[in-house]
Structure formats: structure tokens, C-alpha cells
Amino acid sequence: MAVEMTAQSVKALRPRSDRYIVRDAKVVGLELRVNPDTTKTWSLRYRIHGRQRRLKLGVYDRMGLAAARTSANKELRKIDEGIDPQAEREAERRAVELERQARERAKR
């Protein structure tokens with residue numbers, strides 16, 4: 001069930017013995033995962049090419065509600081264009097790793 005999140009309501013969320021998820025009513029797919037260790041993580045749950053995916057947007061203390069909504073909307077625009085943001089990130093990570101490996105080989 002989605003709730004009307006506010007900056008105060010997000011701040012007031014407390015950890016429980018198990019992780020739980022609070023979904024935003026304003027931005028479809030935006031979630032805040034509240035962990036037992038007190039961390040709160042923003043993520044976007046979406047479906048593309050028949051697959052359900054989740055994209056981590058950021059950690060609550062460094063990213064507030066307004067920034068999370070802005071980031072989620074940006075990623076949703078990509079999804080509307082048929083671009084999978086999670087696959088995009090994975091490709092970027094692979095490219096960085098290949099570049100690092102090439103530099104290591106060049107040093108030898």
C-alpha cells in the first residue's frame with residue numbers, strides 16, 4: 001500500500017526486527033527500504049521487457065524525499081523510452097572494470 005510521504009514522516013520511520021518497505025503514493029515505484037540496522041535506502045521498482053527490476057537510488061541521510069522523487073522520475077523517463085537503468089548501470093560498471101584491468105596489464 002502506498003502512503004503520502006512527507007519529509008517528516010520519512011524521518012520518523014523507525015527500524016523493526018525485519019526490513020520493511022514503504023511505498024510512495026506520488027511517484028509510482030518509489031520505495032523506502034527501512035532496515036533493522038537503522039539504514040533507509042531509496043529504490044525504484046519497475047518492470048521493463050517483462051522483467052521486474054529494482055534500482056537503488058540512494059541512502060536516506062544523503063538523499064531526501066524530494067531528491068529521491070526527482071531521481072525516480074528521471075529514471076522512469078528512461079524506462080518509458082525503453083531503456084533499462086539497472087542494465088545501464090551494470091554496463092557502466094563492466095566498462096570501468098575492463099578499463100581498470102587494461103591499465104593493470106599496461107603497467108606490467
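Residues numbered from 1 in each chain as written. Predicted model: local features only at pLDDT ≥ 70, side-chain atom pairs only at ≥ 80, totals over all residues. Heavy atoms only, no water.

Caption draft 1: Region of interest: the pairing of strand 3 (residues 30–34). Burial analysis of strand 3 places 5 of its 5 residues in the buried class, which makes it a mostly covered element. In strand 3, alternate side chains face the same way, and those of Leu30, Leu32 and Val34 on one face and Glu31 and Arg33 on the other are all buried. In this structure, strand 2 (residues 20–24) lies alongside strand 3, joined through 4 bridges in antiparallel fashion. Bridge pairing in strand 3 places Tyr20 opposite Val34. Two successive antiparallel strands, strand 2 and strand 3, enclose a turn made up of 5 residues, where Gly29 displays a positive phi of approximately 95°. Bridge count for strand 3 against strand 4 (residues 40–48) is 5 bridges, and the pairing is antiparallel. Looking across to strand 4, one finds that Leu32 is bridged to Trp42. (Buried < 20%, exposed > 50% of the residue type's maximum accessible area, 1.4 Å probe, protein only. Helix = DSSP H or I, 4+ residues; strand = E, 2+ residues; numbered from the N terminus. Pairing = 2+ DSSP bridges.)

Caption draft 2: Molecular detail of the nonpolar core. Formed by 21 residues in total, the largest nonpolar core has its most connected members in Met5, Leu30, Leu32, Trp42 and Leu57. Of all the secondary-structure elements, those providing two or more residues to this core are strand 2, strand 3, strand 4, strand 5 (51–59) and helix 2 (65–80). The contacts of Met5, once residues within four sequence positions are left out, are Val10, Val22, Arg23, Asp24, Leu32, Trp42, Leu65 and Arg69. (Core = buried A, V, L, I, M, F, W, Y, C linked by side-chain atoms within 4.5 Å. Contact = heavy atoms within 4.5 Å.)

Caption draft 3: Spotlight on the pattern of salt bridges. What the rule picks out here adds up to 10 salt bridges. A salt bridge links Lys26 to Glu4; the shortest N-O distance between them is 3.7 Å. Placement of Lys26 in the loop between strand 2 and strand 3 and of Glu4 in the loop between strand 1 (2–3) and helix 1 (7–12) is noted, with a sequence separation of 22 residues between them. Relative accessible area serves as the criterion here: at 54%, Lys26 is assigned to the exposed category. Measuring nitrogen to oxygen at the nearest pair gives 3.0 Å for the salt bridge that ties Glu99 to Arg103. One end of the pair is Glu99 and the other is Arg103, both in helix 3 (residues 85–107) and 4 residues apart, which spans about a single turn. Each of the salt bridges in this network shares a partner with another, and the network as a whole consists of Arg23, Glu31 and Arg45. (Salt bridge = Lys/Arg side-chain N within 4 Å of Asp/Glu carboxyl O.)

Caption draft 4: Just the packing of aromatic side chains, in detail. Counted by the stated rule, this structure contains 0 aromatic pairs. Across from the ring centre of Tyr60, 4.9 Å away, lies the NZ or CZ of Lys40, which sits over that ring. (Phe/Tyr/Trp six-rings, centres within 6.5 Å; stacked < 30°, edge-to-face > 60°. Lys NZ or Arg CZ within 6 Å of the ring centre and 35° of its normal.)

Caption draft 5: Looking closely at the sheet that holds strand 4. Pairing is mixed across the open sheet formed by 5 strands, whose spatial order is 1-2-3-4-5. Two strands close off the open sheet at either side, each with one partner strand: strand 1 and strand 5. Inspection of the sheet shows strand 4 paired to strand 5 by 8 bridges, in the antiparallel sense. From the neighbouring strand, Leu44 faces strand 5, where its bridge partner is Leu55. Packing of helix 2 onto the sheet brings it into contact with strand 2, strand 3, strand 4 and strand 5, and relative to strand 4 it is tilted by some 20°. (Axes fitted to C-alpha atoms, helices over the stretch in contact; angles between N-to-C directions.)

These figures come from the coordinates and say nothing about function on their own.
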